[in-house]
Amino acid sequence: MNEQNPEPKDIPVAVVGLGLMGCSITTCLLMAGHQVVALAPIPPDMVTAMPRIREHLERSFKEKITTHPADELLSNLTVTEDYKLLGESKLVIECTLEDPAIKKGVYEKIEAVVPDETLITSNTSAIPISILQQNAKVPSRFLGLHWAEPSHTTRFLEIICGDQTYIKHAEWLYELSHRWGKEPILVRKDIRGFITNRLMYAMFREAFYLVENGYATIEDVDRSCRNNAGYYMTLVGVFRWMDLTGVPAYHNVMKDLFPVLSTGTEVPKLIDDIVKAGGKGISNAHGFYEYTPEEATLWKETFEEFSYEIRRLALKYPADVVKKKLAAKKD
Ligand SMILES: NC(=O)c1ccc[n+]([C@@H]2O[C@H](COP(=O)([O-])OP(=O)(O)OC[C@H]3O[C@@H](n4cnc5c(N)ncnc54)[C@H](O)[C@@H]3O)[C@@H](O)[C@H]2O)c1
């Protein structure tokens, strides 16, 4: 499983769990040229998945992300409730609820039908891969594959090794994921939250601290994120940002600021209250902000529109943008 330049058309894949992410991951894999078996672990998925995937594919065609019409790509898709149809897959992507007990039950069903060479991966947001692979039949072929929603437009992908993962499998996925339009990150040593969620949650914790202690409103914290980090992060990460804007200034600030940043370990009351009251965010129009049903729908549509737009900008500025400019100058 470590051949160079893997070809998607020769690699049948499966997605297990067809909620929000399972559908966008399936879309991404179809656009890359894979044959995909999409497995619905619960009956409602059988009703909702196909229209959702079709909608993603039609929009992607319209946005010129793919040159293949939806019907053509859908001919490579099988949506099923039957685990036996996973038997031919070389790669399985589990994308069920973030609940270790549910995931464990799903892995047992997958392992019962796939050969020992098939890679099994989880889209878990934060459960350590070393824990998920503990009870696996073949722990060395178990990895984390952490996508960002909407998976058919974003370039983000973390490939995570657990303690027992065979690194060559991760390297193979790393190569393959370039064919999915990703700029992948290889997490060679398992750590809770992986890379991106450790970074994001450090910022979330501080955001709660500022609001709960009356330093700023939710609106102002959001505005700060959008117009500072949000301004540059599609182009560069924190390290390149410090290079761009002058390293010593950051060194100076860290000395005095790090000791006073929040180090809280409890789930903040602000989010606890919302969740206990049933708030889910846009999906039920109650979250940190309140929404009329019309506003909630418009936010969903606006996010979708933005995803396609920022993708275009991101593609113009890949990670190796400067290397490419240098090469163009030499030609
Ligand atoms: N939503 C995101 O932005 C995001 C980002 C990265 C990773 N993830 C991770 O992806 C996974 C799925 O998240 P989602 O946002 O697609 O969730 P979702 O709620 O949209 O979908 C959950 C899916 O889980 C499956 N499921 C539900 N109950 C089940 C059961 N009892 N047995 C088996 N399967 C069951 C179904 O397929 C259901 O559609 C989670 O592990 C989540 O942490 C989500």
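In this text the structure is predicted, and so the values were computed from the model without any measurement.

Student: Quick rundown of a nonpolar patch on the surface? Include the residues and the values.
Tutor: On the surface, Val253, Met254, Leu257, Phe258, Val260 and Leu261 cluster together into a nonpolar patch covering about 520 Å² of accessible area. On the secondary structure map, Leu261 appears in the loop between α11 (247–257) and α12 (269–276). The partly exposed category is assigned to Leu261, whose relative accessible area is 32%.

Student: Residues and numbers for the packing of helix α2 (residues 43–62) against helix α13 (residues 293–316), please.
Tutor: It is at 12 Å that the axes of α2 and α13 come closest, and there the two elements cross at 45°. Between α2 and α13, the angle is such that the two are oblique. The two elements α2 and α13 cross, and the hand of that crossing is right-handed. Contact residues: Glu55, His56, Arg59 and Ser60 in α2; Glu304, Glu305 and Tyr308 in α13.

Student: Got a sec to walk through the sheet that holds strand β2 (residues 36–39)? Specific residues and values, please.
Tutor: Reading across the sheet, the eight strands line up as β3-β2-β1-β4-β5-β6-β7-β8 and stay open at both edges, with mixed pairing between neighbours. In this open sheet, the two strands that pair with only one neighbour each are β3 (77–80) and β8 (185–187). Across the sheet, the axes of successive neighbouring strands diverge by a mean angle of 20°, strand direction being ignored. Summarising the sheet, strand β5 (residues 119–122) and strand β6 (residues 142–147) pair through three bridges and their orientation is parallel. Residue pairing in the sheet places Ile120 in a bridge with Phe142 of β6.

Calculation notes
- Residues numbered from 1 in each chain as written.
- Predicted model: local features only at pLDDT ≥ 70, side-chain atom pairs only at ≥ 80, totals over all residues.
- Heavy atoms only, no water.
- Patch = residues over 30% accessible without salt bridge, like charges linked within 9 Å, V, L, I, M, F, W, Y side chains within 5 Å.
- Areas by Shrake-Rupley, 256 points an atom, 1.4 Å probe, with all protein chains shown as cover.
- Salt bridge = Lys/Arg side-chain N within 4 Å of Asp/Glu carboxyl O.
- Helix = DSSP H or I, 4+ residues; strand = E, 2+ residues; numbered from the N terminus.
- Buried < 20%, exposed > 50% of the residue type's maximum accessible area, 1.4 Å probe, protein only.
- Axes fitted to C-alpha atoms, helices over the stretch in contact; angles between N-to-C directions.
- Parallel < 35°, antiparallel > 145°, perpendicular 65-115°, else oblique.
- Left-handed = near helix turned anticlockwise from the far one by under 90°.
- Contact = heavy atoms within 4.5 Å.
- Pairing = 2+ DSSP bridges.

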